[in-house]
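Chain residues, written in single-letter form:
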Amino acid sequence: MTIPSLMNNYKAKRLRTQFLKTYSVVQQAFKQMEADDVSLDPSTYDRLDNPFYNIFKQYFKGVTYCNSASKACYRWQDSQGGYKNLTGKSKLAHTYFDDCQFVLSDGTLINIDNPYIPGVSRVWVMPDINGYNNPPNRLGYDLFVFEFKDGELRTMGSLETMYSDLDKYCSLTSSEALNGIACAHKAKNDTEYFKWVVKNVK
């Protein structure tokens, strides 16, 4: 194998390991809430006065909570930088990142969003698995979305989630602004996914 191929394979393996680790850590937090008999129903929380994430974030150890001075966090008020979709053609709205952010001890940035969808209660957990200060900051590459719905943590892209059309939301040929949001499903189930993304997403 050539040196570039070896480097790509190493990078892909590292990303997959971090993805699976992060998914497990987030899942364990939900399971611990359930064991403590804490409500897992987002509709039982007030989005403004008593949001779900204020309880959820307490189930992670050794975290750094983000503020306007946190260099490891996405300061969405700053017009520079930010996150883009899989192809890099669309910048993600800051409203996906303005609810809650904190950094795990290994540098993973956890973003939590309570998207406002009338009549629907959902929570999105969006980890940046290699941290905000490490590029490329792309949906489906190092930023992924897990959807908590009906008491279960699901990878976005599975049939029960809001964005399940992989042709539209995890494809190099899609022009959708949120292209990449469904890639968590592929990242979890396809052992070759990260090799594909490292090779094709520039």
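Refer to the structure printed above.
As a starting point, this report considers the structure included with it. Model, not experiment: these values are computed from the prediction.

About the criteria used
Residues numbered from 1 in each chain as written. Predicted model: local features only at pLDDT ≥ 70, side-chain atom pairs only at ≥ 80, totals over all residues. Heavy atoms only, no water. Helix = DSSP H or I, 4+ residues; strand = E, 2+ residues; numbered from the N terminus. Expected span 1.5 Å × (residues − 1). Buried < 20%, exposed > 50% of the residue type's maximum accessible area, 1.4 Å probe, protein only. Disulfide = S-S within 2.5 Å. Salt bridge = Lys/Arg side-chain N within 4 Å of Asp/Glu carboxyl O. Core = buried A, V, L, I, M, F, W, Y, C linked by side-chain atoms within 4.5 Å. Contact = heavy atoms within 4.5 Å. Axes fitted to C-alpha atoms, helices over the stretch in contact; angles between N-to-C directions. Parallel < 35°, antiparallel > 145°, perpendicular 65-115°, else oblique. Left-handed = near helix turned anticlockwise from the far one by under 90°.

### A look at helix 1 (residues 3-35)
Between its first and last C-alpha atoms helix 1 spans 48 Å; for 33 residues at 1.5 Å apiece the expected length is 48 Å, and the two agree. Looking at helix 1, one finds that the buried residues are Ala12, Leu15, Arg16, Gln18, Phe19, Thr22, Tyr23, Val26, Ala29, Phe30 and Met33. Backbone geometry just after helix 1 places aspartate 37 at a positive phi near 60°.

### Quick notes on the state of the cysteines
By definition, a disulfide links two cysteine residues through a covalent bond between their sulfur atoms. Across all of its chains, the model carries two disulfides by this definition. Bridging cysteine 66 to cysteine 73, the disulfide has an S-S length of 1.9 Å. Handedness of the cysteine 66-cysteine 73 disulfide follows from its S-S torsion of about -75°: it is left-handed. Given the relative accessible area of 3%, cysteine 73 is considered buried. Here cysteine 170 pairs with cysteine 183 through a disulfide, and the sulfurs are 2.0 Å apart. A torsion of 110° about the S-S bond marks the disulfide between cysteine 170 and cysteine 183 as right-handed.

### Some remarks on the pattern of salt bridges
One pass over the structure, following the stated rule, counts six salt bridges. When the shortest N-O distance is used, the salt bridge between lysine 21 and aspartate 106 registers 3.3 Å. Taken together, the residues span a long stretch of sequence, with lysine 21 in helix 1 and aspartate 106 in the loop between strand 2 (100-103) and strand 3 (109-113) at a distance of 85 residues. Residue class for lysine 21 comes out partly exposed when judged on its relative accessible area of 42%. We classify aspartate 106 as partly exposed; its relative accessible area is 34%. Lysine 168 is the partner of glutamate 176 in a salt bridge, and the nearest nitrogen-oxygen pair spans 3.8 Å. Several salt bridges share partner residues, and in doing so they unite Glu152, Arg154 and Glu160 into one network.

### Considering the nonpolar core
Among the nonpolar cores identified, the biggest contains 58 residues, and Val26, Phe30, Phe56, Phe144, Ile181 and Phe194 are the most heavily contacted of them. Listing elements by their share of this core, those giving two or more residues are helix 1, helix 2 (52-56), strand 2, strand 3, strand 4 (123-128), strand 5 (146-149), helix 4 (183-189) and helix 5 (193-200). No other element matches helix 1, which puts eight residues into this core. If we skip the residues at most four places from it in the chain, phenylalanine 56 touches Val26, Ala29, Phe30, Met33, Ile112 and Val125.

### With respect to unusual backbone geometry
Following proline 135, the chain continues into proline 136 via a peptide bond in cis, with omega recorded as 15°. Assignment of secondary structure puts proline 136 in the loop between strand 4 and strand 5. One non-glycine residue, aspartate 150, lies in positive phi territory at about 55°. Turning to its location among the elements, aspartate 150 is positioned in the loop between strand 5 and strand 6 (152-155). Aspartate 150 gets classed as exposed once you look at its relative accessible area, which sits at 64%.

### Considering the packing of helix 1 against helix 5
A packed helix pair is summarised by two numbers, namely the angle formed by the two axes and the spacing between the axes. Where helix 1 meets helix 5, the axes come as close as 8 Å, and the angle between the chain directions of the two elements is 125°. Overall, the two elements helix 1 and helix 5 adopt an arrangement that is oblique. Helix-helix and strand crossings are classified by hand; for helix 1 and helix 5 the assignment is right-handed. Only Phe194, Lys195 and Val198 of helix 5 make contact with helix 1, whose side of the interface consists of Asn8, Asn9, Lys11, Ala12, Leu15, Arg16 and Phe19.

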